[in-house]
Protein chains: 2
Amino acid sequence: VTDRLALQLAFLKEADKLKSIVRKNLIGDRSRRENSAEHSWHLALTAAVLAEYAARPVDLTQVLRTVLIHDLVEIDAGDTFSYGTAGQADKAAREALAAERLFSLLPADQALELQSLWRAFEDGSTAEGRFARVVDWLQPLLLHELTGGPVWKEHQVRKSQVLARVGGIAQDAPRLWPWVVELLDRATREGWLVDA
Amino acid sequence: VTDRLALQLAFLKEADKLKSIVRKNLIGDRSRRENSAEHSWHLALTAAVLAEYAARPVDLTQVLRTVLIHDLVEIDAGDTFSYGTAGQADKAAREALAAERLFSLLPADQALELQSLWRAFEDGSTAEGRFARVVDWLQPLLLHELTGGPVWKEHQVRKSQVLARVGGIAQDAPRLWPWVVELLDRATREGWLVDA
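Residues numbered from 1 in each chain as written. Chains lettered and ligands numbered in written order. Predicted model: local features only at pLDDT ≥ 70, side-chain atom pairs only at ≥ 80, totals over all residues. Heavy atoms only, no water.

1. With respect to the overall build of chain A
Moving on, step 1. The number of helices and strands found in chain A is 11 helices and 2 strands.
Moving on, step 2. Each helix and strand of chain A, ordered N terminal to C terminal, gives the series α-β-β-α-α-α-α-α-α-α-α-α-α.
Moving on, step 3. Taken over the C-alpha trace, chain A has a radius of gyration of 17 Å; the compact-globule value for 196 residues is 16 Å, and the two agree within 12%.
Moving on, step 4. Dimensions along the principal axes, computed over C-alpha positions, put chain A at roughly 60 × 35 × 30 Å.
Moving on, step 5. Excluding contacts between residues fewer than 6 apart, the proportion of contacts in chain A whose partners are at least 24 apart in sequence is 68%. (Helix = DSSP H or I, 4+ residues; strand = E, 2+ residues; numbered from the N terminus. Rg over C-alpha atoms; globule rule 2.2 N^0.38 Å. Contact = heavy atoms within 4.5 Å.)

What follows is the structure, encoded as structure tokens:
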């Protein structure tokens, strides 16, 4: 076994820990909270099925690689809830350290490549990074719809907060935006979201 | 919202059920069994990191799409343990029916495309389908190594059974084969596998 392969396999074994990072959202049957590994799978499937809606043409391979690795930093930094204040202040710093450690487990060429995909996701600095963010905003909406919004209700999330968070969909995948608007209107009518 | 998008979103919501399909393998910290959604994520990550080992050049996008959808049939057909006799007889028929129902939730062009990727995975009829099978054989080995082989021990799996199951790695990713041989030798020495 070459040194290169040994590094790659060590990275893949470390990545297994993402299965134990638990998010706030419930899976569709409400039986338990979603973990970040299966969330990443659902994002990748969503990206593959909805790629045609990207505002700018995207290289699907790069989008898929991005969503597959976008949450690995949570192995060190944990999951930070989008609609809470806890952990938001130093989130970027904690995650940058985590990215440095985790991607550096790989051979240098691959470490650089994944570090750069992760950075483009965080900054929205490429078409692929931006479309990866679109699916990362959209998939939780699908789960809120499937489950009837209990997590929004529990945290008394306001419609304006969700609009502020996912508003980039209007720009980066405009043909998906009418669905978002319909869902948020319905969520407000049903009392899943606070109408404010 | 267009009819096309409505079909695509319905498919993505149905796919969420893969998170509740539980496999025999444990995740790395042995805390629980792995589900098929996070398994699919781990395969996709493995494919992205190890693509350079494919015997024939592969289109990585097609490999990734294949591993993302390869287990969806389990939503209807359940997970069938590789080293048991239960369910093996009618596995192919049950899974073909499941593929028909699940992929048909999508618009016709996408249904055909994913059905065809799934078929090529089952039959090993394309370079991409064959490399997807390589990672589907290899990732469980990583988990057996991480966990110290408790699932093999529990089912008294024989080394010859594992060699028969994953032997295609020697052909389709020959530079990964030495690692497989080393691991299985070690697993036999440690008593994780029956030496037969």
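Let us keep going from here.
2. A word on the relation of the copies chain B and chain A
Moving on, step 1. At an RMSD of 0.0 Å, chain B and chain A line up after a rotation of 180 degrees and a shift of 0.0 Å along the axis. Both copies of the chain, as the preceding transformation shows, are related through a two-fold rotation axis.
Moving on, step 2. The overlap is high: 100% of the interface residues of chain B also sit at the interface in chain A, so the same surface is used on both sides. (Least-squares fit on C-alpha atoms with pLDDT ≥ 70 in both.)

3. Thoughts on the nonpolar core
Moving on, step 1. The biggest cluster of nonpolar side chains holds 127 residues, and the ones touching the most others in it are Trp152(A), Ile169(A), Trp152(B) and Ile169(B).
Moving on, step 2. Top contributing element to this core by residue count: helix H2 (residues 36–50) of chain B, with 9 residues.
Moving on, step 3. Contacts of Trp152(B), omitting those with residues within four sequence positions, involve Tyr83(B), Leu141(B), His144(B), Val157(B), Val162(B), Leu184(B), Ala187(B), Trp192(B) and Leu193(B). (Core = buried A, V, L, I, M, F, W, Y, C linked by side-chain atoms within 4.5 Å. Buried < 20%, exposed > 50% of the residue type's maximum accessible area, 1.4 Å probe, protein only.)

4. With respect to empty space enclosed by the protein
Moving on, step 1. Scanning the model with the defined rule gives 4 cavities of 30 Å³ or more in all.
Moving on, step 2. In this structure, the largest cavity encloses a volume near 70 Å³.
Moving on, step 3. Where the lining of the largest cavity is concerned, the elements lending two or more residues are helix H2 (36–50) of chain A together with helix H3 (60–69) and helix H6 (108–123) of chain B.
Moving on, step 4. In terms of residue class, the lining of the largest cavity is built from 7 nonpolar, 1 polar and 1 charged.
Moving on, step 5. Of the pockets and cavities examined, the second largest cavity occupies roughly 50 Å³.
Moving on, step 6. Lining of the second largest cavity is provided by Ala54(A), Ala55(A), Arg56(A), Val58(A), Ala127(A), Arg130(A), Phe131(A) and Asp172(A).
Moving on, step 7. In terms of residue count, helix H7 (residues 127–147) of chain A provides more of the lining of the second largest cavity than any other element does, 3 residues in total.
Moving on, step 8. For the lining of the second largest cavity, the residue count by class is 5 nonpolar, no polar and 3 charged. (1 Å grid on protein atoms, 1.4 Å probe; cavity = no way out; pocket = protein on both sides within 12 Å on 5 of 7 lines; lining within 4 Å. Points joined across faces, edges and corners; volume = space filled by probe spheres on them. Nonpolar A, V, L, I, M, F, W, Y, C, P; charged D, E, K, R; others polar.)

5. A word on the pattern of salt bridges
Moving on, step 1. Following the criterion strictly, the structure yields 38 salt bridges over all chains and no others.
Moving on, step 2. Here Glu52(B) and Arg4(A) are joined by a salt bridge, their closest N and O atoms 2.6 Å apart. Of this pair, Glu52(B) sits in the loop between H2 and H3 while Arg4(A) sits in helix H1 (residues 3–15), each in a different chain.
Moving on, step 3. Ionic contacts of the salt-bridge type, sharing partners, join the residues Lys13(A), Glu145(B), Arg186(B) and Glu190(B) into one network. (Salt bridge = Lys/Arg side-chain N within 4 Å of Asp/Glu carboxyl O.)

6. Quick notes on the confidence of the model for chain A
Moving on, step 1. Here chain A shows a mean pLDDT of 96. Residues at 70 or above account for 100%.
Moving on, step 2. Model confidence for the complex is summarised by a pTM of 0.97, with the ipTM given as 0.97. (pLDDT = per-residue confidence, 0-100.)

7. Quick notes on the packing of aromatic side chains
Residues and elements named next belong to chain A.
Moving on, step 1. All chains considered together, the criterion is met by 2 aromatic pairs over all chains.
Moving on, step 2. Aromatic pair Phe-81 and Tyr-83: ring centres 5.9 Å apart, planes at 80 degrees, arrangement edge-to-face. Grouping residues by exposure puts Phe-81 and Tyr-83 together as buried. (Phe/Tyr/Trp six-rings, centres within 6.5 Å; stacked < 30°, edge-to-face > 60°.)

8. Observations concerning helix H11 (residues 177–189) of chain B
Moving on, step 1. The terminal C-alpha atoms of H11(B) lie 18 Å apart, and with 13 residues this matches the ideal 18 Å at 1.5 Å per residue to within 8%.
Moving on, step 2. Along H11(B), the residues classified as buried are Trp177(B), Trp179(B), Val180(B), Leu183(B), Leu184(B), Ala187(B) and Thr188(B). The buried residues of H11(B) occupy an angular sector of 165 degrees when the element is viewed end-on, so they sit on one face.
Moving on, step 3. In this fold, the buried residues of H11(B) make contact with H1 of chain A together with helix H7 (127–147), helix H8 (150–154), helix H9 (159–166) and helix H10 (168–172) of chain B. (Expected span 1.5 Å × (residues − 1). Arc of directions from axis to C-beta.)

9. Remarks on the interface of chain B and chain A
Moving on, step 1. If you look at the interface, chain B gives 53 residues, while chain A gives 53 residues.
Moving on, step 2. Between chain B and chain A, the buried area comes to about 4,300 Å², and carbon and sulfur atoms account for 67% of it.
Moving on, step 3. Among the residues chain B hides against chain A, the three largest losses belong to Leu12(B), Lys19(B) and Trp41(B). Together they make up 18% of the total.
Moving on, step 4. For the pair chain B and chain A, the interface holds 6 salt bridges.
Moving on, step 5. Counting across the chain B and chain A interface gives 27 residue pairs in polar contact (both at pLDDT 80 or more).
Moving on, step 6. Broken down by secondary-structure element, the contributors of at least two residues to the side of chain B that touches chain A are helix H1 (3–15), strand S2 (33–35), H2, H3, H7 and H11 of chain B.
Moving on, step 7. It is H2(B) that provides the largest number of residues to the side of chain B that touches chain A, a total of 11 residues. (Buried area = accessible area lost by both parts, 1.4 Å probe. Polar contact = N/O pair within 3.5 Å; in protein donor to acceptor, adjacent residues only side chain to side chain.)

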